[in-house]
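A structural walkthrough
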Amino acid sequence: MNHEAIYALYPNVRSVDANSIARDIEGAAVTIDMAAVNAWVDPEAYKAKRQAEYPSFIDYLDGVVKGDQAQIDKYIADCQAVKAKYPKG
């Protein structure tokens, strides 16, 4: 069960117990639409994917220090390729 999706879709849910029952702050069960939960996509997921694939900033700094514009341009192009691969939510 995707607890993160439940909390995002149902702001009144305060906990999900061991039996996968969502409960509000008073402990009352909250009816959950599992189709919506299963279809939910984390709008912030692109950040972790980008972070994992971005080139090292050291490559950029190395190019700056050496005055190597081709290395700087490659770094920028590589970053933009990652952004294109994983667009914002």
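The structure presented is a predicted model; accordingly, all values stated were derived computationally and were not measured.

A few words now on a nonpolar patch on the surface. Together, Phe-57, Ile-58, Tyr-60, Leu-61, Val-64 and Ile-76 make up an exposed nonpolar region whose accessible area comes to about 550 Å². In terms of residue count, helix α4 (residues 57-66) provides more of the nonpolar patch than any other element does, 5 residues in total. Assignment of secondary structure puts Tyr-60 in helix α4.

On to the environment of Phe-57, then. Within the secondary structure, Phe-57 is located in helix α4. With 18 residues separating them along the chain, Phe-57 and Tyr-75 place their C-alpha atoms 8.2 Å apart.

Moving on, we come to unusual backbone geometry. Here the phi dihedral of Ser-20 falls at roughly 60°; this positive angle occurs in a residue that is not glycine. Relative to the elements of secondary structure, Ser-20 occurs in the loop between β1 (13-16) and β2 (22-24). For Ser-20, a relative accessible area of 36% puts it in the partly exposed group.

When β1 meets β2, the two strands line up antiparallel, connected through 3 bridges. In the sheet register, Val-16 faces β2, and the bridge partner there is Ala-22. Linking β1 to β2, which pair antiparallel, is a turn of 5 residues; within it Ser-20 sits at a positive phi near 60°.

For an α-helix the count is 3.6 residues per turn, leaving residues at separations of three or four pointing the same way. With 17 residues, helix α5 (residues 69-85) should reach 24 Å at 1.5 Å per residue; the first-to-last C-alpha distance of 24 Å fits that figure. Taken residue by residue, α5 has Gln-71, Ile-72, Tyr-75, Cys-79 and Val-82 as its buried positions. Each buried residue of α5 sits inside an arc of 105° when the element is viewed along its axis, so together they form one side. Projecting away from the buried face of α5 at angles above 90 degrees are the exposed residues Ala-70, Lys-74, Gln-80, Ala-84 and Lys-85. On its buried face, α5 is in contact with α3 (45-53) and α4. Sitting at the amino-terminal end of α5 is Asp-68, which places a side-chain oxygen 3.2 Å from the backbone nitrogen of Ala-70.

Rules and cut-offs
Residues numbered from 1 in each chain as written. Predicted model: local features only at pLDDT ≥ 70, side-chain atom pairs only at ≥ 80, totals over all residues. Heavy atoms only, no water. Patch = residues over 30% accessible without salt bridge, like charges linked within 9 Å, V, L, I, M, F, W, Y side chains within 5 Å. Areas by Shrake-Rupley, 256 points an atom, 1.4 Å probe, with all protein chains shown as cover. Salt bridge = Lys/Arg side-chain N within 4 Å of Asp/Glu carboxyl O. Helix = DSSP H or I, 4+ residues; strand = E, 2+ residues; numbered from the N terminus. Buried < 20%, exposed > 50% of the residue type's maximum accessible area, 1.4 Å probe, protein only. Pairing = 2+ DSSP bridges. Expected span 1.5 Å × (residues − 1). Arc of directions from axis to C-beta. Contact = heavy atoms within 4.5 Å. Polar contact = N/O pair within 3.5 Å; in protein donor to acceptor, adjacent residues only side chain to side chain.

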